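As a plain string of letters, each chain reads:
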Amino acid sequence: MSVLRWRNALGLVLAGLALGSGVLVPAQPALAAELSAAGDAAFSRIASCAAGSDNVLASIVVDSSGSLAETDPSDERVEAVKVALGALQQIRATSGKNVEVRLSHFSNSLSHLTAWGPAEGEHAAQIADVADTLPRLPIGSTDYVDALNGSKSSLDDEAGLVAGTSCKIMLWFTDGGLDLGEGVQANAAAYDDLCRAQGIVDGLRADEIAIVALALLGEGSDDQVSPQDREKLRAIAEGSGDGVDQCGTAPIPPTSMPGAYLAAADSGAIARLFAQAGALIDGAAKGESYTCPDVEQCPDGVLRIPFDSGVERFRVVLQRETAVAPILFAPTGESLQLGAGENLAFGGAAVNVQEVGGLMTVDVTAVGPASAGMWNLSSDPSTTTLIDRYYFWGVTLSVSAPDGLYVGEPSRLRVELTGPQGPVDPSSYGAVDVALQTSDGAIPLIAGNGGWEGTFTTSASGASPNITFDARASATSAPSGIPLGPVSASVGLQTELKPDYPTLSANSVVLPTLQGTDPSRGEVLFKGSSQGDAQVCLVTSEFRAPETAGTVSLVGNRDGECFVVPAGQTLPFEFDVQAASSADGRIDGELNFAIASATDGPDVPLTLPISGTIVRPVDTLRQVLLTALFIAIALAGIIGTALVTRHLAARFVLSTDTRSALVPVIATSTGVRRRDREAPLFDSANDFRGLGLARRGRFTRFETQGVEFGRKVPVWPFSAATGWASASGRVIVSSGGNVARADGTRAPVEFPGTLGFLFIADRGALLHDRPEVEGFVLLVIDARDGVASVLPQRQEQVNTASWTTIVATAREAARTVVAPNTTARGPGGNHDEQSSRVGLPTAPTAPPLHWDEVLGKEPQPTKPGESSDDQLRGQGSPKPPKSVNFWD
Amino acid sequence: MALASIAVLSVTVAQLPAIPVVLTVIGYVTGAILCMIAASFYRASRDSRRSRPDFRVTRGWDKLVTVSVTVGIVAGLANAILLATELAK
């Protein structure tokens, strides 16, 4: 049996008080809309849910649509979130439960601003900080669909992660109607999606998620949202609204969680609206609001608060215009100046004070009889203070069947109220009303033995193995007549059959998933009575499924089928359920049996709930082929992109400012010096020559000073392309001391081709043991401000290079004979060909020198096209580098 | 884009057994295709900046891109499987 949460309603509690203060009529300073009967019942249910669960999960979802600029210009929602957080902290403090909260916002879509975490400590501080950013969030339309779906997923996910049962609440603040920003028809379609049977809202309710809609009806909001839109919002929360169609299945099934709609008259009341929602969830009823000072209600700023025994707690929420602290007077004559953060024993009660966002919340919990009597709350009479007051009954409601619940037999039911100190004595209240009902109707109750009792007989149409009883209690306290409650409880009790009837092995059957129109088989076991054989008949079967599934029924039209369950034996009853069409969704239904007695008892009806899921079948071959196709498309896109970007990026970038210099040098393992004269390595005025380009370009190949530059593109699309330089068969080494081929005929070059330098030497110049090696250094510079601007740095780069490595690599390459059509990897570079070392080097024959003129010799004649070096040296028109199609 | 693909995948999985085609297409394209394209252009852009004197290797970004591409492709292909499943019904 479950034990459910108490709650308390607040009414015109000061009327007829023994202390003779007169009747106080509640003012209307803030919270405009009255809580509807459906909302009141929903809060009772939510409070029961919160009390009966191990965890309370609250998803605070705040509207950030563009209309907020009109309806909440002063960003009151920021403080409202903090107040709601404070209310959740209060639930945590009073119940000791794990209360977790997450802050999200929505406009075009739902976005989570924080993760889930406890409503206290660092996480609470983080939510408060994040709430400050709400006014800065991007604005947009108002998409309820995404807000509800996203919040449902978030709550369900978190409920699956925390241990124990969870009460899931969506605190949904919005100022307006559904507006996708795509026209009236789109909005209507979205509303239909939300509100159709088995739709989104039904999904939330069936998932036992309580939607608490907190609407802002501020000035200017009428321009943004019509009254009908607001009623639609009410319908989403509560199931129905004035002048609009019902939303979701109506009435809301007992197994689903109802919601509530609250409205604030203006932006300044938003925070109090959140405070009200928190109080109601915590078990209070909608409170009354007062304006202090007021001649009748709050003379001289003093509000009278009756507090009777039998009432667990009262709460006052103050919205002040002054910093003057209010003073609380206890019936014992003591007084207490209220300050935030106080938590102390006072006047026979425990007093807790919180202050968030300009709202002060004062909780006074009775801990002894001394607290009963008239309390007074004194506020600054020179300024206006708005006060909301709530009472908490503090009882739980339980339902039981002390003698068992027999199908077809009258059974005794008992309802009890339990308070913090044990069973509640009804005589201590002015009046206590308790009601109990099932889906078949109300069950009369009679007070007695400290509780209430009634008799229940299962209906003739069929008894479920589990019957849900909804109990509800309300009371008025004595002597002040404070209305308390209602508290509610929804309790499921298992039915039983007398020994002369066969029994069922299960309370319900969950079918294996229905694959399209294929039948799904369920089974239930009947255990025979020990008193003899008995007949069981399947009277009717009913199923509910998504519309697209068509008719769902038992295979073979088995309604009316009867069979005998032998005494003391177990008999399986198998059945196949089939849908007329394929669909995705949930199937629910019942098998209604008539069970005969093994003796002379009457037949009893019994209903067996059936549930399951239907999915459209998957063509596995098609699924595999489509998956392969999508993967192939993705791979093609990936490879294509890699190829394109590689061909575009791996290019030599040269401009009209690009110059190259080829100088003769003598290199040793310790450095390099100029060979032709005693001078710095490079002369910016005389050594550098242009490449003869008409404009800047990106090239796959070019030649300068007799050295050819090109690139190597690996077959594997994800390997980077590499640049290389070749000096007509001579050994060429990069500034890092690397060669791209083992025989030194190519050196690696970094793109864009104007980095580092190259060392070039004849093989003969390397095949000796002298420490000095004659060769050349090639430098390519691309500087907008001229070669001289960067030459010092580049020359320094040459001087500080590891000439030990460069010379050693060059000598090794000179001694290497290359095996044709093979590749090898040498020190620091990629190679095209496989190399092998032999005893004596045989260097390939080098073409004629093109750089002899550098040494003052006449250039050797070359065949046209063998090298562009001659052309670049001014023989005829300079030829620009080749620009090659990047697919080349 | 990798995160977008994961988000779409999460939303889709949450709605199972119903599979929204549009969402899975978005998840597939963003994760399996656009993610790689973006990464390729990032690398091309990075390589083209190598010649600048102020160029610095940012290994953090490189790792982030690598992880994002991996995650994006996995999420994209998961969306592709869901899409194929829906189309094969």
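Just so it is clear, the model here is predicted, and its values are computed rather than measured.

What counts and what doesn't
- Throughout this description, residue numbers start from 1 for each chain and increase along the sequence as written.
- Chains carry letters from A onward and ligands carry numbers from 1 onward, assigned in written order.
- Only residues with pLDDT of 70 or above have their local features reported here, since the model is predicted, and side-chain atom pairs are shown and tallied only from 80 upward, although totals for entire chains, interfaces and linings are computed over all residues.
- Each side-chain value is derived from all of the structure's non-hydrogen atoms; neither hydrogens nor water enter the calculation.
- Think of it this way: any DSSP run of H or I at least four residues long counts as a helix, any run of E at least two long counts as a strand, and we number them from the N terminus.
- Residue burial is assigned from relative accessible area. The probe radius is 1.4 Å, only protein chains are included, and a residue is buried under 20% of its type maximum, exposed over 50%, and partly exposed in between.
- Should any heavy atoms of two residues lie within 4.5 Å, those residues are considered in contact.
- Only the protein chains shown count as cover for residues, and all accessible areas are computed by the Shrake-Rupley method using a 1.4 Å probe.
- Salt bridge criterion: a side-chain nitrogen from Lys or Arg within 4 Å of a carboxyl oxygen from Asp or Glu.
- Polar contacts here mean pairs of N or O atoms no more than 3.5 Å apart (in protein, one a potential hydrogen donor and the other a potential acceptor; neighbouring residues in sequence count only if both atoms are side-chain atoms).
- Put simply, Ala, Val, Leu, Ile, Met, Phe, Trp, Tyr, Cys and Pro go in the nonpolar bin, Asp, Glu, Lys and Arg in the charged bin, and everything else, Gly too, in the polar bin.
- For a helix, the expected span equals 1.5 Å multiplied by the residue count minus one.
- What is called the bend at a residue is the angle between a pair of axes, fitted to the seven residues leading up to and ending at it and to the seven starting from it.
- Angular values range over 0 to 180 degrees, each being the angle between N-to-C directions of two axes fitted as lines to C-alpha atoms, with helices fitted over their stretch in contact.
- Orientation is classified from the angle alone, with under 35 degrees giving roughly parallel, over 145 giving roughly antiparallel, 65 to 115 giving roughly perpendicular, and any other angle giving oblique.
- Definitions for this section: a left-handed crossing has its near helix turned counterclockwise from the far helix by less than a right angle. A right-handed crossing has that turn clockwise.
- Count a disulfide wherever a pair of cysteine sulfur atoms falls within 2.5 Å.
- Strands are labelled as partners when DSSP assigns at least two bridges between them.
- Residues forming no salt bridge and having over 30% relative accessible area are the ones grouped into patches, like charges within 9 Å of each other and nonpolar side chains (Val, Leu, Ile, Met, Phe, Trp, Tyr) within 5 Å.
- Here pLDDT means the predictor's own confidence in every residue, given as a number from 0 to 100.
- In summary, the pairing rule links any two rings of Phe, Tyr or Trp, Trp by its six-membered ring, whose centres are within 6.5 Å, and it sorts them by plane angle into stacked for under 30 degrees, edge-to-face for over 60 and tilted for everything else.
- Only when the NZ of Lys or the CZ of Arg is both within 6 Å of the ring centre and within 35 degrees of the ring normal is a charge said to sit over the ring.

A separate point is the overall build of chain A. For chain A, the count of helices and strands is 15 helices and 50 strands. Counting all 888 residues of chain A, 53% fall into the buried class. In chain A, 72% of the contacts between residues at least 6 apart in sequence involve partners at least 24 apart. Here chain A displays about 36600 Å² of accessible surface, and carbon together with sulfur accounts for 50% of that area.

In this complex, chain B contributes 24 residues to the contact, which on the side of chain A involves 25 residues. If you look at where chain B meets chain A, you find 1 salt bridge. Put simply, chain B and chain A have 5 residue pairs in polar contact (both at pLDDT 80 or more) between them. Sort the elements by how many residues they give to the side of chain B that touches chain A and helix H3 (residues 59-87) of chain B lands first, with 9 residues. Looking at side-chain class alone, the side of chain B that touches chain A contains 18 nonpolar, 3 polar and 3 charged residues.

Let us now look at helix H13 (residues 787-799) of chain A. Residues and elements named next belong to chain A. The terminal C-alpha atoms of H13, which comprises 13 residues, lie 17 Å apart, in line with the 18 Å expected from a rise of 1.5 Å per residue. The largest bend in H13 is about 25°, located at Gln793. All of the buried residues in H13 are Val787, Leu791, Arg794, Gln795 and Val798. Taken together, the buried residues of H13 touch strand S38 (658-668), strand S39 (671-674), strand S48 (773-782) and helix H14 (803-814).

So, about the packing of helix H3 (residues 76-95) of chain A against helix H4 (residues 121-131) of chain A. All names here are of chain A. Interhelical geometry of H3 versus H4 gives an angle of 165° and a closest axis separation of 9 Å. Put simply, H3 runs roughly antiparallel to H4. Once H3 is placed against H4, the crossing between them reads as right-handed. Seen from H3, the contacting residues are Val78, Val81, Lys82, Leu85 and Gln89; seen from H4, they are Ala124, Ile127, Ala128 and Ala131. Residue composition of the contact of H3 with H4, by class: 7 nonpolar, 1 polar and 1 charged.

Here a disulfide denotes a covalent bond joining the sulfur atom of one cysteine to the sulfur atom of another. Residue and element names in this part refer to chain A. In this structure the tally under the stated criterion is 4 disulfides over all chains. Between the sulfur atoms of Cys49 and its disulfide mate Cys167 the distance is 2.0 Å. The disulfide joining Cys49 to Cys167 has a torsion of about 130° about its S-S bond and is therefore right-handed. With Cys49 in helix H1 (residues 37-52) and Cys167 in strand S5 (residues 166-174), this residue pair connects regions lying 118 residues apart in the sequence. The class for Cys49 is buried, based on a relative accessible area of 13%. Residue pairing for Cys292: its cysteine sulfur links by disulfide to Cys298, the two sulfurs lying 1.9 Å apart.

The next point concerns the environment of Leu338(A). All names here are of chain A. Along the chain, Leu338 turns up in the loop between strand S12 (335-337) and strand S13 (343-346). Sequence-wise, Leu338 and Val362 are 24 residues apart; in three dimensions their C-alpha atoms are separated by 8.3 Å. Once residues within four sequence positions are removed from consideration, Leu338 is found in contact with Ala325, Pro326, Leu328, Val351, Val353, Met360, Val362 and Leu377.

Residues and elements named next belong to chain A. Here 4 bridges tie strand S31 (residues 534-544) to strand S33 (residues 562-565), and the two strands are oriented antiparallel to one another. Bridged to Gln535 within S33 is Val564. Examined bridge by bridge, S31 and strand S35 (residues 585-595) share 8 bridges and lie antiparallel to one another. Bridged to Phe543 within S35 is Gly589.

Before going further, it helps to spend a moment on the sheet that holds strand S11 (residues 327-329) of chain A. All names here are of chain A. Pairing in this open sheet of 4 strands is antiparallel, and the strands run S9-S16-S11-S12 from one edge to the other. In this open sheet, the two edge strands, each paired with only one partner strand, are strand S9 (302-307) and S12. Here the average twist between neighbouring strands, direction ignored, is 20°. Pairing analysis gives 3 bridges linking S11 to S12, with the strands arranged antiparallel. Among the inter-strand pairings, Leu328 is bridged to a residue of S12, identified as Leu336.

Here we come to a nonpolar patch on the surface. Together, Leu635(A), Ile639(A), Trp716(A) and Phe718(A) line one region of the surface with nonpolar side chains, adding up to about 400 Å² of accessible area. Taking the relative accessible area as the measure of exposure, Phe718(A) reaches 39% and is therefore partly exposed.

All names here are of chain A. As a packed pair, helix H6 (residues 184-195) and helix H9 (residues 227-238) sit with axes 11 Å apart at the nearest point and diverge in direction by 20°. Judged by the angle between their axes, H6 and H9 are roughly parallel. The hand of the H6/H9 crossing is left-handed. In this structure, H6 uses Tyr191, Leu194 and Cys195 to contact H9, whose residues at the interface are Lys232, Ala235 and Ile236. Broken down by class, the residue content of the contact of H6 with H9 amounts to 5 nonpolar, no polar and 1 charged.

As a further point, take the sheet that holds strand S32 (residues 552-554) of chain A. Residues and elements named next belong to chain A. Strand order across the open sheet formed by 4 strands is S27-S30-S34-S32, with antiparallel pairing between neighbours. The outermost strands of the open sheet, each flanked by one partner alone, are strand S27 (503-504) and S32. Alignment of S27 against strand S30 (residues 520-527), held across 2 bridges, turns out to be antiparallel. Residue pairing for S30: Thr503 is matched across the bridge by Lys527.

This part is about the pattern of salt bridges. Residue and element names in this part refer to chain A. Counted according to the given criterion, the structure contains 32 salt bridges over all chains. Put simply, Glu416 and Arg414 hold a salt bridge, and the shortest N to O gap is 2.9 Å. The exposure class assigned to Arg414 is buried, which follows from its relative accessible area of 11%. Between Asp687 and Arg677 there is a salt bridge, with the nearest N and O atoms lying 4.0 Å from each other. Linking Asp687 in the loop between S39 and strand S40 (689-690) with Arg677 in the loop between S39 and S40, this pair joins segments that are 10 residues apart in sequence. Residue Asp687 is classed as buried on the basis of its relative accessible area of 12%.

Let us look at the confidence of the model for chain B. All names here are of chain B. Confidence along chain B averages 78 in pLDDT terms, with 84% of residues attaining 70 or more. By mean pLDDT, the top-scoring element of chain B is H3 (83), and the lowest-scoring one is helix H1 (residues 2-14) (78). With pTM at 0.50, the complex prediction returns an ipTM value of 0.82.

All names here are of chain A. Within the structure shown, the criterion is met by 23 aromatic pairs over all chains. On the numbers, 5.5 Å between centres and 85° between planes, the contact of Phe573 with Phe593 is edge-to-face. Taken as a pair, Phe573 in strand S34 (residues 570-579) and Phe593 in strand S35 lie far apart in primary sequence, 20 residues in all. The exposure class assigned to Phe573 is buried, which follows from its relative accessible area of 3%. Aromatic side chains Phe759 and Trp803 sit 5.5 Å apart centroid to centroid with 90° between the ring planes, which places their arrangement in the edge-to-face category. On the criterion of sequence distance, the pair formed by Phe759 in strand S47 (residues 758-761) and Trp803 in helix H14 is long-range, its members being 44 residues apart. A residue is classified by how much of its surface remains accessible, and Phe759, at 1% relative accessible area, is buried. In this structure an aromatic cluster arises from ring pairing among Phe307, Phe314, Phe346, Trp375 and Tyr391. Here the basic side chain of Arg313 rests over the ring of Phe392, its NZ or CZ set 3.9 Å away from the ring centre. Of note, Arg746 hangs over the ring of Trp724, and the distance from its end group to the ring centre comes to 3.6 Å.

On to unusual backbone geometry, then. Residue and element names in this part refer to chain A. In this structure, Pro486 follows Gly485 across a cis peptide bond, with omega equal to 5°. If you trace the backbone, Pro486 turns up in strand S26 (residues 483-494). The omega torsion across Phe751 and Pro752 is 15°, close enough to zero to call that bond cis. Among the structural elements, Pro752 can be located in the loop between strand S46 (747-749) and S47. Phi at Asn557 takes a positive value of approximately 45°, unusual for a residue other than glycine. In this structure, Asn557 sits in the loop between S32 and S33.

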